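Structural overview
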Amino acid sequence: MTAQNSATLRTSIAAQVGDHRSAARSGTALALLGVVTFSLTFPATTWGLESFGPWSLVALRSVLAAAVAGGFLLAGRVPLPAREHWAGLAVVAGGVVVGFPLLTTLALRTSTTSHAAVVVGLLPLTTAAFSALRTGNRPSGRFWAAAVAGALVILVFTLAQSGGTPSAGDAYLFGALLVCAAGYTEGGRLARSLPGWQVIGWALVLCLPLSLTGSAFALASEPVHLNWHGVTGLVWVAAGSTFLGLYVWYRGMAEIGTARASQLQLAQPLLTLVWSVALLGEHLSPATPLAACAVLVCITMTQRVK
């Protein structure tokens, strides 16, 4: 190999390494933006329940999000997904469009946002487990140790915030944990073949007939008391949590991997607790800064090991 060829090879390798690092930074930033967006979901849902019943809120949320997503799909003249993608889109729709919003909304009728954050605290570990089973990836033992440690920190912290007593909504919360992890995993896999916004967009459109039917029945059977809290909460969970949040989240997962992206969600319950204070007037214990530091250490560890 000549000196010129050797230099060219080194330049090419350096460029590939640089592209990989750039993609990792971009993917991490997108996943973090998704986490911030998701952290507002529970407070916004609590606001939405001031105006709508749980079934109405979930159905209208899906309809509005589908309208936004459908507008983008039409404007971009996006063709229908290939046949092999529809089964995965159905899993995404069942997990993150219908299952998680419905189960957590039902839980939030009796649970505080801090208690509901237990679900989000356990979600990264569950998502990583689903991803390992679905994709065959096997993160290292140190990765799992850091992930489990972070999940335990969040679990202990959120249970302490709620007094340590399981609420009546716990069955809904743990059901939501399972279906959302499945939806995240399948969405992250699909986002490697389709742009992230198309994954959630088609999942929302797929659910539109069910959402429209559900809206009609729910609005006819549940009372509606409109106020600015309720309308703002509905708009946020539809446009923010359901469309924007899942768009950046799936794109981030496609760039850095489902397991690593899911660990960034360890910070989500703490962010939700901050919003619960600012928006809902809930009170936090002095343990919050300590828990935040412990979670950040776990996130750093999971990002450094494979």
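Residues numbered from 1 in each chain as written. Predicted model: local features only at pLDDT ≥ 70, side-chain atom pairs only at ≥ 80, totals over all residues. Heavy atoms only, no water.

1. Some thoughts on the confidence of the model for the protein chain
As a reminder, the rule being used: Residue-level confidence of the predictor, termed pLDDT, takes values from 0 up to 100. In what follows, a contact means two residues having at least one pair of non-hydrogen atoms within 4.5 Å.
Averaged over every residue, the pLDDT of the protein chain is 84; residues scoring 70 or more account for 90%. In this model residues 9-19 is a low-confidence stretch, pLDDT under 50, and it forms one contact with partners more than four residues away in sequence or in other chains.

2. Some points on the packing of helix α4 (residues 86-107) against helix α7 (residues 170-190)
We count it as follows: Axis geometry follows a simple rule: fit a line to the C-alpha atoms, using only the stretch in contact for helices, then measure angles between N-to-C directions, giving values from 0 to 180 degrees. Labels follow the DSSP assignment, with helices taken as runs of H or I lasting at least four residues and strands as runs of E lasting at least two, numbered in each case from the N terminus. Orientation categories follow fixed angle ranges, with anything under 35 degrees roughly parallel, anything over 145 roughly antiparallel, 65 to 115 roughly perpendicular, and all other angles oblique. The hand of a helix crossing depends on one turn: near helix anticlockwise from the far one by less than a right angle means left-handed, and clockwise means right-handed. Residue classes follow a fixed rule: Ala, Val, Leu, Ile, Met, Phe, Trp, Tyr, Cys and Pro count as nonpolar, while Asp, Glu, Lys and Arg count as charged, and any other residue, Gly among them, counts as polar.
With their axes 8 Å apart at the nearest point, α4 and α7 run at an angle of 150° to one another. Taken together, the axes of α4 and α7 are roughly antiparallel relative to one another. α7 is crossed by α4, and the crossing has left-handed handedness. A per-class count over the contact of α4 with α7 returns 16 nonpolar, seven polar and two charged.

3. Considerations on α4
One full turn of an α-helix is made of 3.6 residues, so residues set three or four places apart face in the same direction. Definition in use: Given a helix with a known number of residues, its expected span is that number minus one, times 1.5 Å. Relative accessibility decides the category of a residue: with a 1.4 Å probe and only protein chains considered, values under 20% of the type maximum give buried, values over 50% give exposed, and everything between is partly exposed.
If you check α4, its first and last C-alpha atoms are 30 Å apart, about what 22 residues at 1.5 Å a residue would give, namely 32 Å. Of all 22 residues in α4, 16 are buried, a share of seventy percent or more.

4. Points about unusual backbone geometry
It is generally the case that most residues other than glycine have a negative phi and that most peptide bonds are trans. Although it is not a glycine, Arg77 sits at a positive phi angle of roughly 50°. With respect to the secondary-structure elements, Arg77 resides in the loop between α3 (54-75) and α4. When its relative accessible area of 77% is taken as the criterion, Arg77 is described as exposed.

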